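Fold and contact review
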Amino acid sequence: MVHIDLKDRISAYIYNVEQFLNSVKEGELSREASFIVSLARDYLNDAKYYLEKGDYITSLSCIAYAEGLLDALRHQGHIKTADWKPLSEALKRPLVLVAGSFEFLHPGHLALLKRAWELGRVHVVVSRDRNFEKFKGRKPVLSENDRLEVVRSVKYVSSASLGDEEDFLKPIIDLKPDIILLGPDQWIEPSELKELLEKRGLVNVKILKYEKREGLWSSTSVYSELKKQLCINHD
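What you see is a predicted model; the values in this text were computed from it and never measured.

Time to look at the overall build of the protein. Helix and strand content of the protein: ten helices and five strands. Burial status across the protein gives 39% buried among its 235 residues. Partitioning the intrachain contacts of the protein with sequence separation of at least 6 by distance along the chain shows that 73% fall at a separation of at least 24. Carbon and sulfur atoms make up 53% of the accessible area of the protein, which amounts to about 13300 Å² in all.

The subject of this paragraph is empty space enclosed by the protein. By the definition in use, this model includes one cavity of 30 Å³ or more. Quantified by volume, the largest cavity comes out at close to 90 Å³. In this structure, the largest cavity is lined by Ser11, Ile14, Tyr15, Glu18, Lys48, Leu51, Arg93, Trp117, Arg121, Lys155 and Ser158. Only α1 (6-22) and α2 (31-53) provide two or more residues apiece to the lining of the largest cavity. If one sorts the elements of the lining of the largest cavity by residue count, α1 sits on top with four residues. Considering only residue class, the lining of the largest cavity consists of four nonpolar, two polar and five charged.

The backbone of phenylalanine 102 shows a phi angle near 50 degrees, a positive value even though the residue is not glycine. Taking relative accessible area as the criterion, phenylalanine 102 reaches 3% and is therefore assigned buried.

A separate point is the environment of proline 94. Among the structural elements, proline 94 can be located in the loop between α4 (87-91) and β1 (95-100). Its relative accessible area of 25% is what places proline 94 among the partly exposed residues. Distance from proline 94 to tryptophan 117, taken between C-alpha atoms, is 9.9 Å for residues 23 residues apart in sequence. In contact with proline 94, not counting residues within four places along its chain, are Leu119, Gly120, Arg121, Asp178 and Ile179.

This part is about the packing of aromatic side chains. Summed over all chains, the structure comprises six aromatic pairs. On the basis of an interplanar angle of 70 degrees and a centroid distance of 4.6 Å, the ring pair of tyrosine 43 and tyrosine 65 is categorised as edge-to-face. Highlighted residues: tyrosine 43 in helix α2 and tyrosine 65 in helix α3 (residues 56-75), separated in sequence by 22 residues. Since its relative accessible area comes to 42%, tyrosine 65 is described here as partly exposed. Summarising the aromatic geometry, the rings of tyrosine 49 and tyrosine 50 are spaced 5.1 Å apart at their centres and angled 80 degrees between planes, so their arrangement reads as edge-to-face. Judged by relative accessible area, tyrosine 49 falls into the partly exposed class, the value being 45%.

Roughly 220 Å³ of volume is contained in the second largest pocket. Considering the residues around the second largest pocket, the lining is formed by Asn45, Lys48, Tyr49, Glu52, Lys53, Glu149, Arg152, Ser153, Val157, Ser158, Ser159 and Ala160. Counting residues per element, the ones that place at least two in the lining of the second largest pocket are α2, α7 (144-152) and β3 (159-162). Examining the composition of the lining of the second largest pocket, we find that five residues originate from one element, α2, more than from any other.

Another aspect to go through is the sheet that holds β3. With parallel pairing, the five strands of this open sheet are ordered in space as β3-β2-β1-β4-β5. The open sheet has two free edges, formed respectively by β3 and β5 (206-209), since each of these has just one partner strand. Adjacent strand axes in the sheet meet at a mean angle of 25 degrees when their direction is disregarded. With four bridges connecting them, strand β4 (residues 179-182) and β5 associate as parallel partners. Along β5, the bridge assignment pairs isoleucine 180 with isoleucine 207.

Thresholds, definitions, all that
Residues numbered from 1 in each chain as written. Predicted model: local features only at pLDDT ≥ 70, side-chain atom pairs only at ≥ 80, totals over all residues. Heavy atoms only, no water. Helix = DSSP H or I, 4+ residues; strand = E, 2+ residues; numbered from the N terminus. Buried < 20%, exposed > 50% of the residue type's maximum accessible area, 1.4 Å probe, protein only. Contact = heavy atoms within 4.5 Å. Areas by Shrake-Rupley, 256 points an atom, 1.4 Å probe, with all protein chains shown as cover. 1 Å grid on protein atoms, 1.4 Å probe; cavity = no way out; pocket = protein on both sides within 12 Å on 5 of 7 lines; lining within 4 Å. Points joined across faces, edges and corners; volume = space filled by probe spheres on them. Nonpolar A, V, L, I, M, F, W, Y, C, P; charged D, E, K, R; others polar. Phe/Tyr/Trp six-rings, centres within 6.5 Å; stacked < 30°, edge-to-face > 60°. Pairing = 2+ DSSP bridges. Axes fitted to C-alpha atoms, helices over the stretch in contact; angles between N-to-C directions.

See the structure below:
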């Protein structure tokens, strides 16, 4: 029998409510119903926050209240959408790992995280300041803890953590994700990563690469554009 802990159950509960919310066409709602949906979304975000902090009781209370608000609107006919999915279905969602620096949150990041969320529960590994500087040749504008907090606030992200300063594979080995989704500019290719993980005993991990680019995809391109604009304004 597979053991599912409380955090996983609450995560699935949160996902279920989030799926329901994303199916709501808010433009078709009355002003009053739209306010209630907005309130439910606030409680959803609170549930995510307290779950990450380890306050499971508060998280559960928040997500239950969000569900109650939405269910009341549905029964009153304000929301015309499908019924709630069984929680057991949400519990089966695979764990998807995404890693990166996330120095500036931009459309490229959101596209990548949205795609990961479509595949399963998303855990993001944020690079450490030391590793950022080693790879980019400069210090990050935002510290590792600031970047971590920004990533945690994204609605597609279930959880996030900092990477390891010495061993970039360690978070993957510890988390044992079902899927790893690489961005288009990441330095390692799926075949190479798969080989490295298999040498460490982690097999049967599906490694995908997201090729689509959205606007200023990389943090480096955003950083360059900011410098360019600052120079123009200064002149």
